[in-house]
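# Breakdown of the fold
Chain by chain, the residues run as shown.
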Amino acid sequence: IVMIKFKHFVTSLAVASMLVACGNVQQAEVKKDFVDYVNPYIGNISHLLVPTFPTVQLPNSMLRVYPERSDYTSERVKGLPIIVTNHRENSAFNLTPYQGEDLKPVRSYTYDNEKLTPYAYEIELDDNNMAVKYALSHQSAIYNIEFRQADKPVYVMVNTRLGAMHADAKGISGHQRLSDNTNVYLYIEPEQTPIQTGVLENNTLVENKVDAEGKNACAVWRFADGTKQVNLRYGVSFISAEQAKKNLEREQKDYNVAALAAIGRDVWNKTLARIDVQGGTEDEKTVLYTSYYRTFERPICMSEDGRYFSAFDGKVHEDNGVPFYTDDWIWDTYRAAHPLRLLIDQKKEEDIIDSYLRMAEQMGNMWMPTFPEVTGDSRRMNSNHAVVTVADALAKGLKLDLAKAYEACKKGIEEKTLVPWSDAPAGWLD
């Protein structure tokens, strides 16, 4: 038997669903920290849809990254990640450190000695000619990059897939377009001073040109030949590049990646400690805590200094002290992730459901969302899984706006089509 002891709540079917079946289990005292049981590489190969990815992120935070590759077996990575804009499909921007003369907006690197945890990331690139360390906070992060070829020039390129970049010696800023009404913004600054600043055109550094726009718009810093270390820190935002800079300045005071990783480790340990496992094998604990870590990938909190961008009406709103969450993909999460959160973090679950109701209002039809993402309600899949989530929350005593929740659930069921991938009103077939 695997025994689960909750510090404040009894066990639930949601937790039981994450356990592997156990045979003869030897009782053993847990010696590792909770976060040490998390293996982000579990599930990174898929035979059907897409795999899970080894996500680096603080719980339910806006900033998520993972190495950009198709799955665990890929022999190369595309640049270094800046932000994932939905939990399994899309990344925005690329960071490309490089030594040499063959400049490209994004490089496909060979890699080795990768080490990834929920809070930090290390990797060696280009046949071990560069070493990278990374750690993040909620809306900002730090990169430490070691260059190991003393006889070659040193470049750092920042690329947007579709958008605009602005470069100067103190900072690079820009945006990437995600949809018709949604952009993600970046502000990044170096600790070391570059000797050249410009943009990349036809794979050539155009010095003193500060703006690039369009597909693969790319800003470039060149550092002095022989530079061994470049430290970068950046902020992200869905409101503006100016807000991205504010997010960076609020969260980061230096370029100390080890200190930031230690903070992230502590955050994850405290979060995972809400479930304290007694008994079971080391492998079974790894399965449990890795599954538990996965429940914090989404939804993400979009509030930035009390404001948030909503793709559901394309506007920036005041959050009035209630964080706004999206990128939930409720079809995936209603069976186990939401019921588990009901037991361990009722306040967050209340805020998430309140976010649903704000989405319904902002869309103008008061329909409960079907598949809320950063770019709006994609209407993937069908049916009304959010209704189950709301009903479960009310049955367990959560504090919600009952009248508004009932209206959104009823309208969603009666007025929108059940045809998947559609935002049309219900028709004769419905």
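This report concerns the structure included in the present document. (Residues numbered from 1 in each chain as written. Predicted model: local features only at pLDDT ≥ 70, side-chain atom pairs only at ≥ 80, totals over all residues. Heavy atoms only, no water.)

## Observations concerning the overall build of the protein
- Along the backbone of the protein there are 9 helices and 25 strands.
- Taken over the C-alpha trace, the protein has a radius of gyration of 23 Å; the compact-globule value for 430 residues is 22 Å, and the two agree within 12%.
- Seen through its principal axes, the protein has C-alpha atoms that stretch 65 × 55 × 40 Å.
- Counting all 430 residues of the protein, 57% fall into the buried class.
- In the protein, of all internal contacts separated by at least 6 residues, the share reaching a separation of at least 24 is 66%.
- When the accessible area of the protein is evaluated, it comes to approximately 18800 Å², of which 50% is carbon and sulfur surface.
- Averaging the positions of the 48 positive and the 59 negative side-chain charges in the protein gives two centres separated by 2 Å. (Helix = DSSP H or I, 4+ residues; strand = E, 2+ residues; numbered from the N terminus. Rg over C-alpha atoms; globule rule 2.2 N^0.38 Å. Buried < 20%, exposed > 50% of the residue type's maximum accessible area, 1.4 Å probe, protein only. Contact = heavy atoms within 4.5 Å. Areas by Shrake-Rupley, 256 points an atom, 1.4 Å probe, with all protein chains shown as cover. Lys, Arg positive; Asp, Glu negative; His and termini not counted. Charge placed at Lys NZ, Arg CZ, Asp CG, Glu CD.)

## Description of the pattern of salt bridges
- By the definition in use, this model includes 32 salt bridges.
- The salt bridge partner of Arg-265 is Asp-33, with a shortest N-O separation of 2.9 Å. Remark: Asp-33 occurs in the loop between helix H1 (13-16) and strand E2 (56-57) and Arg-265 occurs in helix H3 (residues 257-272); sequence separation between them is 232 residues.
- Notably, a salt bridge pairs Glu-282 with Lys-285, separated by 3.7 Å at the nearest N-O pair. (Salt bridge = Lys/Arg side-chain N within 4 Å of Asp/Glu carboxyl O.)

## Examining the packing of aromatic side chains
- Inspection of every chain in the model, using the stated rule, returns 12 aromatic pairs.
- Among the aromatic side chains, those forming a connected cluster through ring pairs are Trp-268, Tyr-292, Tyr-293 and Phe-296.
- One Lys or Arg, Arg-380, reaches over the ring of Trp-329 and ends 4.5 Å from the middle of that ring. (Phe/Tyr/Trp six-rings, centres within 6.5 Å; stacked < 30°, edge-to-face > 60°. Lys NZ or Arg CZ within 6 Å of the ring centre and 35° of its normal.)

## Focus: the pairing of strand E14 (residues 182-190)
- Most of E14 sits out of view: 8 of its 9 residues are buried.
- Taken together, the 7 bridges between strand E13 (residues 172-179) and E14 define a ladder with antiparallel strand orientation. Counted as the bridge partner of Ser-173 is Tyr-187 from E14.
- From the end of E13 to the start of E14, which pair antiparallel, there are 2 residues.
- Relative to strand E18 (residues 229-237), E14 runs antiparallel, the two sharing 6 bridges. Each bridged residue has a counterpart across the sheet, and for Tyr-185 the counterpart in E18 is Ser-237. (Pairing = 2+ DSSP bridges.)

## Things to note about the nonpolar core
- In this structure, Leu-95, Tyr-134 and Tyr-234 are the most contacted members of the largest nonpolar core, which totals 101 residues.
- By residue number, the principal contributor to this core is helix H7 (residues 346-363), which donates 6 residues.
- Setting aside residues up to four positions removed in sequence, Tyr-134 forms contacts with Val-56, Leu-63, Val-65, Ile-82, Ala-120, Tyr-121, Ala-141, Ile-142, Tyr-143, Tyr-234 and Val-257.
- Listed in part, the 8 residues of the second largest apolar core include Tyr-155, Leu-200, Leu-205 and Val-220. (Core = buried A, V, L, I, M, F, W, Y, C linked by side-chain atoms within 4.5 Å.)

## Re the side chain of Asn-86
- Secondary-structure assignment places Asn-86 in the loop between strand E5 (83-84) and strand E6 (91-92).
- For Asn-86, a relative accessible area of 3% corresponds to the buried category.
- Here the side chain of Asn-86 touches Glu-89 through a polar contact of 2.9 Å, landing on its backbone nitrogen.
- Residues contacting Asn-86, with those up to four places away along its chain left out, are Arg-64, Tyr-66, Asp-327, Trp-329, Glu-373 and Arg-380. (Polar contact = N/O pair within 3.5 Å; in protein donor to acceptor, adjacent residues only side chain to side chain.)

## Some details on unusual backbone geometry
- In this chain, Arg-298 is followed by Pro-299 through a cis amide linkage whose omega measures -5 degrees.
- Despite not being glycine, Asn-203 has its phi angle at roughly 60 degrees, a positive value.
- Here Asn-203 falls in the partly exposed class, since its relative accessible area comes to 40%.

## A short note on helix H2 (residues 241-251)
- Within H2, burial applies to Ala-241, Gln-243, Ala-244, Asn-247, Leu-248 and Glu-251. Looking down the long axis of H2, one finds its buried residues gathered within 155 degrees of arc, a one-sided arrangement. (Arc of directions from axis to C-beta.)

## Observations regarding the pairing of strand E16 (residues 204-207)
- Sheet topology note: the strand E15 (residues 196-201)/E16 ladder contains 4 bridges and is antiparallel. Following the sheet pairing, Glu-201 is matched in E16 by Thr-204.
- Connecting the antiparallel pair E15 and E16 is a turn made up of 2 residues, with Asn-202 showing a positive phi of about 50 degrees.

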